[in-house]
Amino acid sequence: MKNKKQQSGMTRLGRKMVVWFLVITVMAGTVSNIMEFIFDSFAPTVIEKDKQLVLVLIFLVIAAEILIYVASGFVFFLLTKKNIRQESERQIQEKNLIYAAIAHDLKTPMTSVQGFAKALAEGRVKPEEQPEIFEIICRKSESMNEMVNTLFEYAKLGTEHFKPHMERVNLCTLVRNSIAENYTELEEHGIEPDIVIPDGEITINGDINELKRAFANLIVNIYRHNPDGIKAGITVSEENGRAVIRISDSGNEIPDGMNIFEPFVTENASRTAGQGTGLGLAVTKRVIELHGGSITVEKGTNGYTKTFVIRF
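Reading the values: rules and limits
- Residues numbered from 1 in each chain as written.
- Predicted model: local features only at pLDDT ≥ 70, side-chain atom pairs only at ≥ 80, totals over all residues.
- Heavy atoms only, no water.
- Salt bridge = Lys/Arg side-chain N within 4 Å of Asp/Glu carboxyl O.
- Helix = DSSP H or I, 4+ residues; strand = E, 2+ residues; numbered from the N terminus.
- Buried < 20%, exposed > 50% of the residue type's maximum accessible area, 1.4 Å probe, protein only.
- Pairing = 2+ DSSP bridges.
- Axes fitted to C-alpha atoms, helices over the stretch in contact; angles between N-to-C directions.
- Contact = heavy atoms within 4.5 Å.
- pLDDT = per-residue confidence, 0-100.

The tally for this structure, following the rule as stated, stands at eight salt bridges. A salt bridge links arginine 139 to glutamate 135, with the nearest nitrogen and oxygen atoms 3.9 Å apart. Here arginine 139 pairs with glutamate 135, and both are found in helix 3 (residues 130–157), just four residues apart, close to one helical turn. Note that arginine 246 and glutamate 239 form a salt bridge whose closest N and O atoms lie 2.7 Å from each other. The class of glutamate 239 is partly exposed, set by a relative accessible area of 29%.

A separate point is the sheet that holds strand 7 (residues 306–311). The strand order 2-4-5-7-6 describes an open sheet built from five strands, whose pairing is mixed. This sheet does not close on itself; its edge strands, each paired only once, are strand 2 (194–196) and strand 6 (294–299). Direction aside, the axes of adjacent strands within the sheet are offset by 15° on average. As paired elements, strand 2 and strand 4 (residues 232–239) share three bridges and run parallel to each other. Opposite valine 196, over in strand 4, you have threonine 235 as the bridge partner. Strand contacts of helix 4 (residues 171–188): strand 2, strand 4 and strand 5 (242–249), with the helix running at about 170° to strand 4, the strand carrying the most contacts. Most of the contacts of helix 7 (residues 280–290) go to strand 6, to which it runs at about 130°, and overall it touches strand 6 and strand 7.

Scored by pLDDT, the protein comes out at a mean of 79, with 77% of its residues at no less than 70. In the predicted structure, residues 1–7 sits below a pLDDT of 50 and forms 22 contacts with residues beyond four places in sequence or in another chain. Segment residues 267–274: pLDDT under 50, and 12 contacts once partners within four positions in sequence are set aside and those in other chains are kept.

Next up on the list: unusual backbone geometry. Backbone geometry places asparagine 240, a non-glycine residue, at a positive phi of 55°. Among the structural elements, asparagine 240 can be located in the loop between strand 4 and strand 5. If you check the backbone angles, asparagine 302 has positive phi at about 55° while not being a glycine. Mapped onto the secondary structure, asparagine 302 falls in the loop between strand 6 and strand 7.

The following block contains the structure:
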């Protein structure tokens, strides 16, 4: 599902500036050419009568052309300033929404942990109930830790100072390992994915840890955001010289027009249930693009409702 929002704000801003620059340059050049045409048309007649007047006209034409380009540059500056301000405001608003969403998602488990911890401290929990309370506190703490780590990962990938450790990576092995690490959870949810990964090598230059995290996010989504017992498929292939990874499932459909790669774009039920931060796919997209690849989600076939397609 391609969406204009998937393009970075700075890319949109750059394109807009290029368009305005071309428009203003063409307009200024056109006006300048018209003035030169008028001057060339009347200059021979004027020269015969008054050579000094010709010099004055030449000076006026040059001054007018300079004025046109100065005015055009000033207009371009104003447009650039306006668009940069709008883009900056958009980015600030996006960050504020991210902070607000994280605070909202952290509030529920923190409240639970505080409540249970206070009850334990005050001796209001029966001894036979304490193991269950400790387990709940541990689970809620792990959920909060995951949220903070995911937010850190998302912020880190968006900085200019982050430099991935690039090396030759075998995607077949990497995806196979990511599946193995999550296979127990898939089985617990009654999901046995159809896996098609060649025995050979399909390699790219990449950061193993970042790519592993990106693939894990997609695999975790299979059982975290879908009903138990669904059908799933994971394939790795090489098509026209490009490495292609497809992760499909027969779970919940994605509503038309929803850009699920934007931060915190996920079903509210999933987030309020503590099953996701809404940043996983945003992190995955940043990792893939950091490696010069692309990720899209398409309508599934062969019984699948959706397919995430990664191309390098």
